[in-house]
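Residue-level listing of the chains:
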Amino acid sequence: MELFIDTANLNEIEEASTWGYIKGVTTNPSLIAKEGLTQEEVINKIVKLIDGPISAEVTCNNDVDLMLEQAHKLYEINKKNIVIKLPINEEGLKICHQLSKENIPTNLTLCFSANQALLAMEAGATYVSPFLGRLDDIGENSFQLIQEIVAIKRNYQYQTKIICASIRNPLHVKNSAVLGADIATVPYKILLKLKQHHLTDSGLVTFEKDALKTAQLNK
Ligand code: G3P
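Keep in mind it's a predicted model, so treat the numbers as computed, not measured.

Peer 1: For this particular structure, what's the right way to read the side chain of serine 55?
Peer 2: Its location among the elements puts serine 55 in strand β3 (residues 54-57). The buried category is assigned to serine 55, whose relative accessible area is 2%. Within the structure, the side chain of serine 55 is placed 3.1 Å from the side chain of asparagine 107, a separation counted as a polar contact. When neighbours within four sequence positions are excluded, serine 55 is seen to be in contact with Val25, Thr26, Thr27, Val83, Lys85 and Asn107.

Rendered as structure tokens:
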């Protein structure tokens, strides 16, 4: 399973780009708003930090012509890596279908049901982003949704990649991988937690002590 970083914070992206296992970036209007820059300014900086899929969300919803115009403008920033993020609604699915005919990659977001994911796949979405945390917040079973979407994808050999989003903890990441999602897009603070285990830390202390003992023998 690939890991993307879910942020518009340039410092976080720059650091994550040095780790060697972050393959892309997802943003959304709320993440962009935290940075105090325009979407275009943020995306123009991100494309210089990560050579991988970078999701930029269309924001003028309900006006298909405006949404299509914004999609093309975003794509022009970097045709190699920009992915157009669209909501799974009537307008978003129409534009997804149009952009798929133009070979412009799309990420259908705010996915909360298997039927929404099915429509995204049928519309030719490159990625579909089920939101785990927001489902858990209302007491629904986010892992069941991932199981359903993975099953639908496998049943019909859809090429759409499943990006598990709204990740709130390492369990979300683990289960996304166990259940067969293609990608998890993870906030910076959660990414830091993935490598942490107290037994690794304590084991390393012991190894270092014993290595020092061995090193003494060489003197
Ligand atoms: O990629 C979507 C993600 O940023 C939403 O996360 O925690 O606002 O549901 P959250």
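Picking up where we left off.
Peer 1: Looking at this structure, how should I read the nonpolar core?
Peer 2: Generally speaking, nonpolar side chains in soluble globular proteins are found buried as a group. Ile43, Ile84, Leu86, Leu108 and Val128 are the most contacted members of the largest nonpolar core, which has 62 residues in total. Per-element accounting of this core gives the leading share, six residues, to helix α4 (residues 64-77). In this view, leucine 108 contacts Leu86, Pro87, Ile88, Gly92, Leu93, Cys96, Ala120, Ala125, Tyr127, Val128 and Ser129; residues no more than four positions away in its chain are not counted. In this structure, Phe4, Tyr127, Ile163 and Ile183 belong to the second largest nonpolar core, which totals five residues.

Peer 1: Where do I start with the packing of α4 against helix α5 (residues 90-101) in this structure?
Peer 2: Each pair of packed helices gets described by two things: the angle between the helix axes and the distance between those axes. Viewed as axis vectors pointing N to C, α4 and α5 meet at an angle of 45 degrees, and their least axial separation amounts to 10 Å. The angle between α4 and α5 places the two elements in the oblique class. At the point where α4 passes α5, the crossing takes the right-handed sense. Between α4, through Val64, Met67, Leu68, Ala71 and His72, and α5, the contact on the second element is made entirely by Glu91, Gly92, Lys94, Ile95, Gln98 and Leu99. Taken together, the residues that form the contact of α4 with α5 break down as six nonpolar, three polar and two charged.

What counts, and where the lines are drawn
Residues numbered from 1 in each chain as written. Predicted model: local features only at pLDDT ≥ 70, side-chain atom pairs only at ≥ 80, totals over all residues. Heavy atoms only, no water. Helix = DSSP H or I, 4+ residues; strand = E, 2+ residues; numbered from the N terminus. Buried < 20%, exposed > 50% of the residue type's maximum accessible area, 1.4 Å probe, protein only. Polar contact = N/O pair within 3.5 Å; in protein donor to acceptor, adjacent residues only side chain to side chain. Contact = heavy atoms within 4.5 Å. Core = buried A, V, L, I, M, F, W, Y, C linked by side-chain atoms within 4.5 Å. Axes fitted to C-alpha atoms, helices over the stretch in contact; angles between N-to-C directions. Parallel < 35°, antiparallel > 145°, perpendicular 65-115°, else oblique. Left-handed = near helix turned anticlockwise from the far one by under 90°. Nonpolar A, V, L, I, M, F, W, Y, C, P; charged D, E, K, R; others polar.

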